[in-house]
Amino acid sequence: MIINSFIPLLFALVSFNLDTQTQLEIEIGEFRNEKGHILLSVFDNAEDYPRNAKNAVLNKKVKVNQKFHTISINDLPEGEYAIVFLHDENGNEEMDTNFVGAPEEGYGASNDAVNMFSAPKYEEAKFTLGTEPLKIKMKIFY
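Residues numbered from 1 in each chain as written. Predicted model: local features only at pLDDT ≥ 70, side-chain atom pairs only at ≥ 80, totals over all residues. Heavy atoms only, no water.

For the chain, the name recorded in an unreviewed UniProt entry is DUF2141 domain-containing protein, with Marivirga arenosa as its organism.

Next up, the structure:
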């Protein structure tokens, strides 16, 4: 009898501790060369997106060694996110711009939310990560 009452309790404890984190797979391309790194930041709020990487939920730095890259992230909880990335060709870990402020290195955002004269808005780039694995494709703009 004790075992019969223990089994539902054990099931409840195991169910309560189930990991609610899901897999996010990001495909980025096409890179114009195989120099430098991809600097990728994942945000969960509009206040920090896209410039305040120190407050991002996740930051990744990946060596560029092919025209298309797939980056897997396995430790994000379910929720709303927006991604921004930079092809840091010269390794200085910042967006290089010309004399009028136009980017000289490749960049992109989730939902391909890229504005001509300003950084993308969180509302334009946001997506929802649910319980199922999610694969998104992002274009790189030069």
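A. Seen up close, the overall build of the chain. Helix and strand content of the chain: two helices and eight strands. For the chain, the succession of helices and strands along the chain, N to C, is α-β-β-β-β-β-β-α-β-β. Buried positions account for 36% of the 142 residues belonging to the chain. Carbon and sulfur atoms make up 55% of the accessible area of the chain, which totals about 8,900 Å². (Helix = DSSP H or I, 4+ residues; strand = E, 2+ residues; numbered from the N terminus. Buried < 20%, exposed > 50% of the residue type's maximum accessible area, 1.4 Å probe, protein only. Areas by Shrake-Rupley, 256 points an atom, 1.4 Å probe, with all protein chains shown as cover.)

B. The arrangement of the side chain of S41 in detail. When you line up the elements, S41 lands in strand β2 (residues 37-43). In this structure the side chain of S41 is engaged in a polar contact, spanning 2.5 Å, whose partner is the side chain of N59. (Polar contact = N/O pair within 3.5 Å; in protein donor to acceptor, adjacent residues only side chain to side chain.)

C. A look at the environment of K54. Along the polypeptide, K54 turns up in the loop between β2 and β3 (58-63). When its relative accessible area of 71% is taken as the criterion, K54 is described as exposed. Along the sequence, K54 and S41 sit 13 residues apart, while their C-alpha atoms lie 9.1 Å from each other.

D. Inspection of unusual backbone geometry at higher detail. Cis rather than trans, the peptide bond between G29 and E30 has omega equal to 5°. Positive phi outside glycine occurs at E93, with the angle close to 60°. By the element assignment, E93 lies in the loop between β5 (79-88) and β6 (107-109). Residue N111 is not a glycine yet carries a positive backbone phi of 65°. Along the chain, the position of N111 falls in the loop between β6 and α2 (122-125).

E. Representation of the sheet that holds strand β8 (residues 134-139) in the model. With respect to topology, three strands assemble into an open sheet ordered β4-β1-β8, the strand pairing being mixed. Looking at strand neighbours, the two that pair on one side only are β4 (68-77) and β8, the edges of this open sheet. Direction aside, the axes of adjacent strands within the sheet are offset by 20° on average. One ladder, built from eight bridges, connects strand β1 (residues 21-29) with β4; its direction is antiparallel. If you follow I28 over to β4, its bridge partner there is H69. (Pairing = 2+ DSSP bridges. Axes fitted to C-alpha atoms, helices over the stretch in contact; angles between N-to-C directions.)

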